[in-house]
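A structural walkthrough
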Amino acid sequence: MTKDKFAKLKSHIGDGSNTAKILAALKSQADGKVNAYENEPIKYTAHDDVRLLEESKRAQRRVAILALAYNIYGDKKYAESAYKELENAAKFQDWNPHHFLDTGEMCTAFALGY
């Protein structure tokens, strides 16, 4: 994404277009994720002592929604919440390097947050 592409998306806010509807849905989802860390933190839980995949996916989804909302709407609450999610995941004992998808999903969350 570039500043120009974000500006083009922002120009549709409230104009009644399909893009505006999608942006409104994004904002609604992001508002629901603000401070999700405090209410429902993602915990290091290896299912079947093998997988951390669901937690990695949850972190990725939260960060993606919050980061995009921050870039579209500019409200720092989205960036701050995304940072809390990343800080939480960074404190995990590991990202289950024995299963590449678990680690890959978490790396994607950090890439999006970055």
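Here's what I pulled together on the structure shown here. In this text, all values refer to a predicted model and were calculated from it rather than measured experimentally.

What counts and what doesn't
Residues numbered from 1 in each chain as written. Predicted model: local features only at pLDDT ≥ 70, side-chain atom pairs only at ≥ 80, totals over all residues. Heavy atoms only, no water. Salt bridge = Lys/Arg side-chain N within 4 Å of Asp/Glu carboxyl O. Helix = DSSP H or I, 4+ residues; strand = E, 2+ residues; numbered from the N terminus. Buried < 20%, exposed > 50% of the residue type's maximum accessible area, 1.4 Å probe, protein only.

The next point concerns the pattern of salt bridges. Per the stated rule, a full pass over the model turns up five salt bridges. As a salt-bridge pair, Glu38 and Lys84 come within 3.1 Å of each other at their nearest N and O atoms. Taken together, the positions of Glu38 in helix H3 (residues 36–39) and Lys84 in helix H5 (residues 76–90) put the pair 46 residues apart, joining distant regions of the chain. Of the residues examined, Lys84 reaches a relative accessible area of 29% and is grouped as partly exposed. Ionic pairing is found between Glu40 and Arg58, a salt bridge with its closest N-O pair at 3.3 Å. Within this pair, whereas Glu40 is found in the loop between H3 and helix H4 (53–73), its partner Arg58 is found in helix H4, the two being separated by 18 residues in sequence. Arg58 sits in the partly exposed class, given a relative accessible area of 23%. By sharing partners, the salt bridges in this structure join Lys27, Asp31 and Lys77 into a single network.

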